[in-house]
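For reference, the chains in residue letters:
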Amino acid sequence: MLSSIFTVGFLVSLLAGTIRLATPILLPALGQIYTQRAGILNLGVEGTMTIAGFSAAYKTGNLWIGLLSGMFFGMLWSLIMAWLSVTMRANQVIAGIALNILGAGTAVYVYRIIFGVQSLPPQVTPFA
């Protein structure tokens, strides 16, 4: 019974789908390694990734501009986290979670302004 379900094709597609869907979490986690080494606990990295990259890539039609835009807004969002942690001496866990929720909410709000409410989500041609 299980051998008919867990075929090689199923396992390969499961692994490929896992890597594809884990990338938006994996990339911020790799950046989180550097902030941990600097002594800042930034829990808002997933919210940072969702802010601007897709919108810029969709509007310009260029994935590299989307990548650079995501990097720029990621640096800007991290600057806000650094200001909260260092200058305002806010609790890093609370500030990180707040920025994560604010980033995800801002992304949804901006997407609604740019794309409106659609039955199918907008898509961008991925890198080859």
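One can find the structure itself at the top, above this paragraph.
Procedures and definitions
- Residue numbers here run from 1 along each chain, matching the order of that chain's written sequence.
- Predicted model: local features are reported for residues with pLDDT of at least 70 only, side-chain atom pairs are reported and counted for 80 or more only, and whole-chain, interface and lining totals are derived from all residues.
- Computation of side-chain values covers all heavy atoms of the structure but excludes hydrogens and water.
- Grid spacing is 1 Å over the protein atoms alone, the probe is 1.4 Å, and a cavity is where that probe fits but cannot get out, while a pocket is an open set with protein on both sides within 12 Å along at least five of seven lines and lining residues have an atom within 4 Å of a point.
- Grid points are joined across faces, edges and corners, and a volume is the space filled by probe spheres set on the points.
- The helix count covers DSSP runs of H or I at least four residues long, the strand count covers runs of E at least two residues long, and both are numbered beginning at the N terminus.
- Residues are grouped as follows: nonpolar covers Ala, Val, Leu, Ile, Met, Phe, Trp, Tyr, Cys and Pro; charged covers Asp, Glu, Lys and Arg; every other residue, Gly included, is treated as polar.
- The span expected for a helix works out to 1.5 Å for each residue beyond the first.
- Only protein chains enter the area calculation, which uses a 1.4 Å probe; residues under 20% of their type maximum are buried, those over 50% are exposed, and those in between are partly exposed.
- By the criterion applied in these results, polar contacts are pairs of N or O atoms within 3.5 Å in which, for protein atoms, one can donate a hydrogen and the other can accept it, and in which residues neighboring in sequence qualify only through two side-chain atoms.
- Only the stretch in contact is used when fitting a helix axis, every axis being a line fitted to C-alpha atoms; angles between N-to-C directions are given from 0 to 180 degrees.
- What sets the label is the angle itself: under 35 degrees gives roughly parallel, over 145 gives roughly antiparallel, 65 to 115 gives roughly perpendicular, and the rest give oblique.
- By definition, turning the near helix anticlockwise from the far helix through less than a right angle yields a left-handed crossing, and turning it clockwise yields a right-handed one.
- When checking whether two residues touch, look at their non-hydrogen atoms; a contact exists if any pair is within 4.5 Å.
- Nonpolar side chains (Val, Leu, Ile, Met, Phe, Trp, Tyr) are joined into patches within 5 Å and like charges within 9 Å, using only residues with over 30% relative accessible area and no salt bridge.
- Note on areas: Shrake-Rupley, 1.4 Å probe, and residue coverage restricted to the protein chains presented here.
- Salt bridges are counted wherever a side-chain nitrogen of Lys or Arg sits within 4 Å of a carboxyl oxygen of Asp or Glu.

*Asks:* Would you take a moment to explain the layout of surface pockets for this structure?
*Replies:* Over the atoms rolls a probe the size of a water molecule, and its path tells where empty space is left. Here the largest pocket is characterised by a volume of approximately 1,600 Å³. In terms of lining residues, the largest pocket is bounded by 43 residues, among which Pro24, Leu27, Met49, Gly53 and Phe54 are the most central. Elements that contribute at least two residues to the lining of the largest pocket include exactly α2 (8-38), α3 (45-49), α4 (53-60), α5 (63-87) and α6 (92-115). The residue inventory of the lining of the largest pocket, partitioned by class, reads 24 nonpolar, 16 polar and three charged.

*Asks:* I keep staring at α5 and nothing clicks. Help me out?
*Replies:* Because each turn of an α-helix spans 3.6 residues, side chains separated by three or four positions in sequence point in the same direction. Between its first and last C-alpha atoms α5 spans 35 Å; for 25 residues at 1.5 Å apiece the expected length is 36 Å, and the two agree. Of all the residues in α5, the buried ones are Gly66, Ser69, Gly74, Trp77, Met81 and Ser85. Its side-chain oxygen 3.0 Å from the backbone nitrogen of Trp64, Asn62 forms the N-cap of α5. Backbone geometry just downstream of α5 places Arg89 in the positive-phi region, at approximately 55 degrees.

*Asks:* Honestly, the packing of α4 against α5 in this entry has me stumped. Any pointers?
*Replies:* Packed helix pairs are characterised by how far apart their axes lie and by the angle those axes make with each other. Their axes nearest at 7 Å, the elements α4 and α5 cross at an angle of 155 degrees. By the angle class used here, α4 and α5 are roughly antiparallel. The two elements α4 and α5 cross, and the hand of that crossing is right-handed. Residue-level contacts link Gly53, Ala56, Ala57 and Thr60 of α4 to Leu63, Ile65, Gly66, Ser69 and Gly70 of α5. Each residue belonging to the contact of α4 with α5 can be placed in one class, and the counts come to four nonpolar, five polar and no charged.

*Asks:* Sorry if this is basic, but what is going on with the side chain of Gln32 here?
*Replies:* Examined against the element boundaries, Gln32 turns out to sit in helix α2. With a relative accessible area of 12%, Gln32 lands in the buried category. Setting aside its immediate chain neighbours within four residues, Gln32 contacts Ile40, Leu41, Asn42 and Val45.

*Asks:* Looking at this structure, I do not really get a nonpolar patch on the surface. What am I missing?
*Replies:* Residues Leu2, Ile5, Phe6, Phe10, Leu11 and Leu14 make up a contiguous nonpolar surface patch of roughly 550 Å² in combined accessible area. Counting only elements with at least two residues in the nonpolar patch, the list comes to α1 (2-5) and α2. The leading source of residues in the nonpolar patch is α2, at three residues. Mapping Leu2 onto the fold places it in helix α1. Its relative accessible area of 55% is what places Leu2 among the exposed residues.

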